[in-house]
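Understanding the architecture of this molecule
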Amino acid sequence: MMREKSEFEHLIKLSVGQYIPTGSVMHRLDPRIKVIMGALLVLSAIIIGSLISALILLAAVIFGLSLTRVQLKLALASLRHMAIFLVVLALIQIFTIPQLHSGASMLFQRGILKITDRSLISGILLIFRFVVIVLGLSLFSFSTSTTELIHSIEHLLRPLQKIGFPAHELALTAHISIRFIPILAGEAEQLMKAQASRGADFAYRKWNFIRKIRKMLPLLVPLFVVSLKHAHNLIEAMESRCYMGGKGRTSLIRLHAGLGDYLTLAVGCAVIASALLVSFADIDRTALEWVWKNITILF
Amino acid sequence: MKSKVRKIVISGVMGAISIFLGASHLGFIPWFAGAALTIMHVPVIIGAVLEGPIVGIVIGLIFGVFSLLQGAIAPTGPADVWFVNPLVSILPRLAIGPCAWLVYRAVRGFKEVPGVAAAGIAGSLTNTVLVLGVLGLYKYLPWQLIGTIAVVNGGPEAALSAIITTAVITAWKGIQTRRQGSRV
């Protein structure tokens, strides 16, 4: 028999960063390469100031998504939540920042409404930038499991260990965090049920701030204390097994990058570099002026 | 002696609480005009007070990375979209722990409990001021609106974080206060 979902169950809501194993080419790619490319993609998406380079990055990300063999619908679902807001944000940017100073030319003016080519570009770019980052992160989370992610970050940071950077310790911390989330969800469920059985009502209908907080405290304080107790058990267990940290430890999973992995890295870097080159060459305005001229001729 | 294992485990567990509070929406308390008060930064402050500034930075990093991922993959509201930028989501959160710890160290000399409460307020205000400051520098929001948000949202958040931090740390360290036990 299916158990009914109750208001106390929190594990169901935890859907951030879904891993969908399909065994595709993207899944088999060395996770270290995926981490490097993901970081480069997010950075370049923030730096770029050109529409054409945004389109290059977008095409690359969509190509990568099609390689994962995960339905594109799933990646687009997260975009749908913010679509309206992004459009509003872009419109605000287009109309409120005319940016007349840096030699921008006026495209449209009626009353106080002004659109210059610069403001139009920055508005549209804002949408593209977010779409690229969101799709890029979904591509990453669809194809990389958390264990792979943590192992690859530890491997990548290993050279820094020589100068005293705690790569292994950071990776272990992240791993403990991820492993503890389901335990905490279970504890929270138990605590909520325990308090509800004493008459607490967590479903709030009124906007009574003080009352809401007074109801949250008997839940939050025990949650913190219980997890600190769990932490102490774990500390004792690790210390009694003489855990000494990263030096000289070997790991169960060893990562090997083959020729295909390096080729993918090279192609990915080439795409990102070309996007950055286009961005610095500033050919957007001439392209936009050309399109705008043709539209005005048509009407 | 405070061992390395202890620091690693406390950072991991407090980071997990921060993620859990965000993902389950227990860490958001509805406030005026659709805005929500958040207590996701409280684990950072508690970690910093218990184990020092480095643990605070690490928990802040976990909190920041999670809010970036949440903004990108599962946005819950329009404001989440801004947090896709790591300068908004990660950089300000690294400062919460060290600030809370410094204030705790400074006030602890007089008395323990006010020190913890002051750390709660300081950590929360660091979060509010730095996040809104970066949003202002990026021109996502006009400065006047930022001032209003800082007062309307930041004030209650600081009070709330002081209450929870004090309650948790006094309960954990077994400090005697006038009121014992909890009331529902």
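Source: prediction; values computed, not measured.

Considering the overall build of chain B
A tally of regular secondary structure across chain B gives eight helices and two strands. Relative to its 184 residues, chain B shows a buried fraction of 56%. Within chain B, contacts between residues at least 6 apart in sequence are counted, and of these 65% link residues at least 24 apart. Roughly 7400 Å² of accessible area belongs to chain B as shown, and the carbon and sulfur atoms make up 70% of that amount.

With respect to unusual backbone geometry
All names here are of chain A. Despite not being glycine, R69 shows a phi value in the positive range, around 60°. Within the secondary structure, R69 sits in the loop between α3 (51-67) and α4 (72-96). A positive phi angle is found at C242, which is not glycine, with a value near 60°. In this fold, C242 is placed in the loop between α8 (209-240) and α9 (259-281).

Some details on helix α7 (residues 167-197) of chain A
All names here are of chain A. When the terminal C-alpha atoms of α7 are compared, their 45 Å separation across 31 residues agrees well with the 45 Å that a helix rising 1.5 Å per residue should span. The sharpest bend along α7 comes to roughly 35°, located at I181, with the proline P182 sitting one to four residues further on. G199 sits one or two positions beyond α7 and adopts a positive phi of about 105°.

Quick word on the side chain of D30 of chain A
Within the secondary structure layout, D30 of chain A lies in the loop between α1 (25-28) and α2 (31-47). Ignoring sequence-local partners within four residues, the contact set of D30 of chain A consists of L255, H256, A257 and D261 of chain A.

Concerning the packing of helix α6 (residues 96-108) of chain B against helix α7 (residues 112-137) of chain B
Residues and elements named next belong to chain B. Two elements in contact, α6 and α7, have axes separated by 8 Å at closest approach and are oriented at 155°. On the basis of their axis angle, the class for α6 and α7 is roughly antiparallel. Viewed along their axes, α6 and α7 form a crossing whose handedness is right-handed. Mapping the contact onto sequence places I96, C99, A100, V103, Y104, V107 and R108 in α6 and E112, P114, G115, V116, A118, A119, A122, G123, T126 and N127 in α7.

Some points on the pattern of salt bridges
Within this structure, the stated rule accounts for six salt bridges over all chains. A salt bridge links R158 of chain A to E154 of chain A; the nearest nitrogen and oxygen atoms lie 3.8 Å apart. Close ionic contact of E169 of chain A with K4 of chain B constitutes a salt bridge, the shortest N to O distance being 2.9 Å. Taken together, the positions of E169 of chain A in helix α7 and K4 of chain B in helix α1 (residues 4-24) put the pair across two chains. Residue E169 of chain A is classed as buried on the basis of its relative accessible area of 14%.

A short note on the packing of α2 of chain A against helix α6 (residues 146-157) of chain A
All names here are of chain A. At a minimum axis distance of 8 Å, the contact between α2 and α6 shows a crossing angle of 80°. With respect to their mutual orientation, α2 and α6 come out roughly perpendicular. Residue-level contacts link P31, R32, V35 and I36 of α2 to E148, L149, S152, H155 and L156 of α6. For the contact of α2 with α6, the residue count by class is five nonpolar, two polar and two charged.

Description of the interface of chain B and chain A
Listed by partner, the interface residues are 55 residues for chain B and 58 residues for chain A. Buried area between chain B and chain A, both sides added, is near 5200 Å², and the carbon and sulfur share of it is 85%. In this structure, the connection of chain B to chain A is made through one salt bridge. The interface formed by chain B and chain A contains two residue pairs in polar contact (both at pLDDT 80 or more). Looking at the side of chain B that touches chain A, the element that brings in the most residues is α1 of chain B, giving 18 residues. When grouped by side-chain class, the residues that make up the side of chain B that touches chain A number 45 nonpolar, seven polar and three charged.

Focus on a nonpolar patch on the surface
Taken together, the side chains of W290, V291, W292, I295, L298 and F299 of chain A make up a nonpolar region of the molecular surface, amounting to roughly 740 Å² of accessible area. Topologically, L298 of chain A is positioned in helix α10 (residues 284-298).

Topic: the confidence of the model for chain A
Residues and elements named next belong to chain A. Looking at chain A as a whole, its pLDDT mean stands at 79, while 82% of the residues score no less than 70. Across chain A, element-level confidence peaks in α3 with a mean pLDDT of 89 and bottoms out in strand β1 (residues 106-110) with 67. Throughout residues 12-16 the model reports pLDDT below 50, and contacts reaching past four residues in sequence, or to other chains, amount to nine contacts.

Some points on the nonpolar core
F224 of chain A together with V9, M14, I46 and I164 of chain B are the most contacted members of the largest nonpolar core, which has 59 residues in total. Not counting residues within four places of it along the chain, the set of residues in contact with F224 of chain A comprises M14, I17, V42, P43, I46, I164 and V168 of chain B. Listed in part, the 46 residues of the second largest apolar core include A45, L58 and M82 of chain A together with L135 of chain B.

Rules and cut-offs
Every chain is numbered on its own, with residues counted from 1 as its sequence reads. Whichever chain is written first becomes A and whichever ligand is written first becomes 1, with later ones labelled in order. Reporting in this predicted model follows two pLDDT cut-offs: at least 70 for local features of residues, and 80 or more for side-chain atom pairs to be given and counted; totals over whole chains, interfaces and linings ignore these cut-offs and use all residues. Excluding hydrogens and water, the side-chain figures rest on all heavy atoms present in the structure. Strands are runs of DSSP state E lasting at least two residues, helices are runs of H or I lasting at least four, and both sets are numbered from the N terminus onward. With a 1.4 Å probe rolled over the protein chains alone, any residue whose accessible area is under 20% of its type maximum counts as buried; one over 50% counts as exposed, and the rest are partly exposed. Whether two residues are in contact is decided by their heavy atoms: any pair within 4.5 Å suffices. Only the protein chains shown count as cover for residues, with accessible areas throughout obtained via the Shrake-Rupley method and a probe of 1.4 Å. Every helix has an expected span of 1.5 Å times one less than the residues it contains. One axis fitted to the seven residues ending at a residue, another fitted to the seven starting there: the angle between these axes is the bend at that residue. Note on geometry: axes are C-alpha line fits, over the in-contact stretch for helices, and angles between N-to-C directions span 0 to 180 degrees. Roughly parallel means an angle under 35 degrees; roughly antiparallel means over 145; roughly perpendicular covers 65 to 115; every other angle is labelled oblique. When the near helix sits turned anticlockwise from the far one by under a right angle, the crossing is termed left-handed; a clockwise turn instead gives a right-handed crossing. One speaks of a salt bridge when a side-chain nitrogen belonging to Lys or Arg is within 4 Å of a carboxyl oxygen belonging to Asp or Glu. Ten residues, namely Ala, Val, Leu, Ile, Met, Phe, Trp, Tyr, Cys and Pro, are considered nonpolar, four, namely Asp, Glu, Lys and Arg, are considered charged, and the remaining ones, Gly among them, are considered polar. Buried area counts how much accessible surface, traced with a 1.4 Å probe, disappears from two parts once they are put together, with both parts' losses summed. A 3.5 Å cut-off defines polar contacts: any pair of N or O atoms within that distance qualifies, except that in protein one atom must be a possible hydrogen donor and the other a possible acceptor, and neighbouring residues in sequence count only when both atoms are side-chain atoms. Candidates for patches are residues over 30% relative accessible area with no salt bridge; among them, like charges are joined within 9 Å and nonpolar side chains (Val, Leu, Ile, Met, Phe, Trp, Tyr) within 5 Å. For every residue, the predictor reports its confidence as pLDDT, a number between 0 and 100. For our purposes a nonpolar core is just a set of buried Ala, Val, Leu, Ile, Met, Phe, Trp, Tyr and Cys residues, chained together by side-chain atoms within 4.5 Å.

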